[in-house]
Amino acid sequence: MRGLTASFLGMIFLVGRDHFRPRRERSGFLVLIAQISYVASSLSKISKHFYTEASQSVSEASDGSDEDDDSERDELACFRGLVLDISYRPVNVVCWKRAICLEFMEKADVLEYYDQAVNSPSGSFYIPAVLRVPHLLQVVKRRRIVKSKLSRKNILHRDNYTCQYCSSHENLTIDHVLPTAQGGEWKWENLVTACAKCNSKKGKKTPEEANMNLSKAPKVLFSSGNIYSNNK
């Protein structure tokens, strides 16, 4: 590089010297100009070569630092924080960054730490493992058992649309176990699904009197509804 620079300066000196020579001695002027252009192009190529190498070195260094950061993130990805509400019920699982933010923003109390620490310019900090949010109360869904409305549709649904005497699925009707003529009432425990044939055969008799057996005893149909409670 230094040799090329010296040659370039030397040619410039020769050009200046030839400029003040007589006209007959300037025949080689164009040759010198061509040589100077060649040296200049060589210097340009060399400078581009050094610039490319420098850029590659910088990019490799930055790639190495990114790989180090990615590897560090991958190593810490398995550390997660369990978030509890005010009643110590689990409500969420957060990453290690979010767990540290909850601690330093004083939004959660740390109950347990991991043995793993995170290094930063201001110091090292242990990763929270279990956090409790004092102002968070998890809404709990509880089941409430509700008695279904007594209707023909619900009776068929309770009995799975099956005759309780012969297990048929055709021509279904509603039968009073204790006939109305004997004081039978319209209630869950006295109503069953029966096909038209069995209902006609039974008539105004009880199952015992008609020598007919029920597949199961009729019961009240309950449905479950959801209610919400804070459980303080």
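Just so it is clear, the structure is predicted and the values come from calculations on it, not from any experiment.

Reading the values: the criteria
Residues numbered from 1 in each chain as written. Predicted model: local features only at pLDDT ≥ 70, side-chain atom pairs only at ≥ 80, totals over all residues. Heavy atoms only, no water. Buried < 20%, exposed > 50% of the residue type's maximum accessible area, 1.4 Å probe, protein only. Helix = DSSP H or I, 4+ residues; strand = E, 2+ residues; numbered from the N terminus. Pairing = 2+ DSSP bridges. Core = buried A, V, L, I, M, F, W, Y, C linked by side-chain atoms within 4.5 Å. Contact = heavy atoms within 4.5 Å. Arc of directions from axis to C-beta. Axes fitted to C-alpha atoms, helices over the stretch in contact; angles between N-to-C directions. Phe/Tyr/Trp six-rings, centres within 6.5 Å; stacked < 30°, edge-to-face > 60°. pLDDT = per-residue confidence, 0-100.

Describe the pairing of strand E7 (residues 191-195), listing the residues and the values that go with them.
Counting buried positions over the five residues of E7 gives five, a clear majority of the element. Of the strand pairs in this sheet, strand E6 (residues 172-176) and E7 are connected by five bridges, and their pairing is antiparallel. The residue bridging isoleucine 174 from the neighbouring strand is threonine 193, located in E7.

Got a sec to walk through the nonpolar core? Specific residues and values, please.
Cys163, Tyr165 and Cys198 are the most contacted members of the largest nonpolar core, which totals 16 residues. For this core, the elements supplying multiple residues, two or more each, are helix H4 (152-158), E6 and E7. Counting residues per element, this core draws most heavily on E7, at four residues. In this view, cysteine 198 contacts Cys163, Tyr165, Cys166 and Met212; residues no more than four positions away in its chain are not counted.

Outline helix H3 (residues 96-104), listing residues and values.
Taken together, the buried positions of H3 are Trp96, Ala99, Ile100 and Leu102. End-on view of H3: buried residues confined to an arc of 160°, all on one side of the axis. Just downstream of H3 lies glutamate 106, where phi reads positive at about 60°.

I'd love a proper account of the sheet that holds strand E1 (residues 80-84), names of residues and values included.
Reading across the sheet, the four strands line up as E2-E1-E4-E3 and stay open at both edges, with mixed pairing between neighbours. In this open sheet, the two strands that pair with only one neighbour each are strand E2 (90-95) and strand E3 (109-120). Across the sheet, the mean angle from the axis of one strand to that of its neighbour is 30°, orientation sign disregarded. As paired elements, E1 and E2 share five bridges and run antiparallel to each other. Bridge pairing links leucine 84 to proline 90 in E2.

Provide a residue-level description of the pairing of E3, including the pertinent values.
Side chains on a regular strand alternate between the two faces of the sheet. Relative to strand E4 (residues 123-132), E3 is paired through eight bridges, and the arrangement is antiparallel. Within E4, the position partnered with aspartate 109 by the bridge is arginine 132.

Run through the packing of aromatic side chains, naming residues and quoting values.
Within this structure, the stated rule accounts for two aromatic pairs. The interplanar angle of 80° and the centroid separation of 5.0 Å between the aromatic rings of phenylalanine 79 and tyrosine 114 together place this pair among those described as edge-to-face. Of this pair, phenylalanine 79 sits in the loop between helix H2 (29-76) and E1 while tyrosine 114 sits in strand E3; the two residues are 35 residues apart in sequence, bridging distant segments of the chain. With 5.0 Å between their ring centres and 90° between their planes, phenylalanine 104 and phenylalanine 125 make a pair best called edge-to-face. You can see phenylalanine 104 sitting in helix H3 and its partner phenylalanine 125 sitting in strand E4, a full 21 residues away along the chain.

Give me unusual backbone geometry: which residues, what numbers.
Positive phi outside glycine occurs at glutamate 106, with the angle close to 60°. Locating glutamate 106 in the fold gives a position in the loop between H3 and E3. Owing to a relative accessible area of 73%, glutamate 106 belongs among the exposed residues under this scheme.

Run through the environment of lysine 147, naming residues and quoting values.
For lysine 147, the location among the structural elements is in strand E5 (residues 140-147). Taking the relative accessible area as the measure of exposure, lysine 147 reaches 53% and is therefore exposed. Apart from residues lying up to four places away in sequence, lysine 147 is in contact with Trp188, Val220, Leu221 and Phe222.

Summarise the confidence of the model for the protein; cite the residues concerned and give the values.
Caution applies to low-pLDDT parts of the model: their predicted coordinates are not meant to be read in detail. Chain-level statistics for the protein give a pLDDT mean of 74 and a share of 60% at 70 or above. This model gives residues 61-67 a pLDDT under 50, and the stretch forms zero contacts once residues within four places in sequence are excluded. Predicted confidence for residues 226-232 stays below pLDDT 50, and this span has 22 contacts to residues more than four positions away or in other chains.

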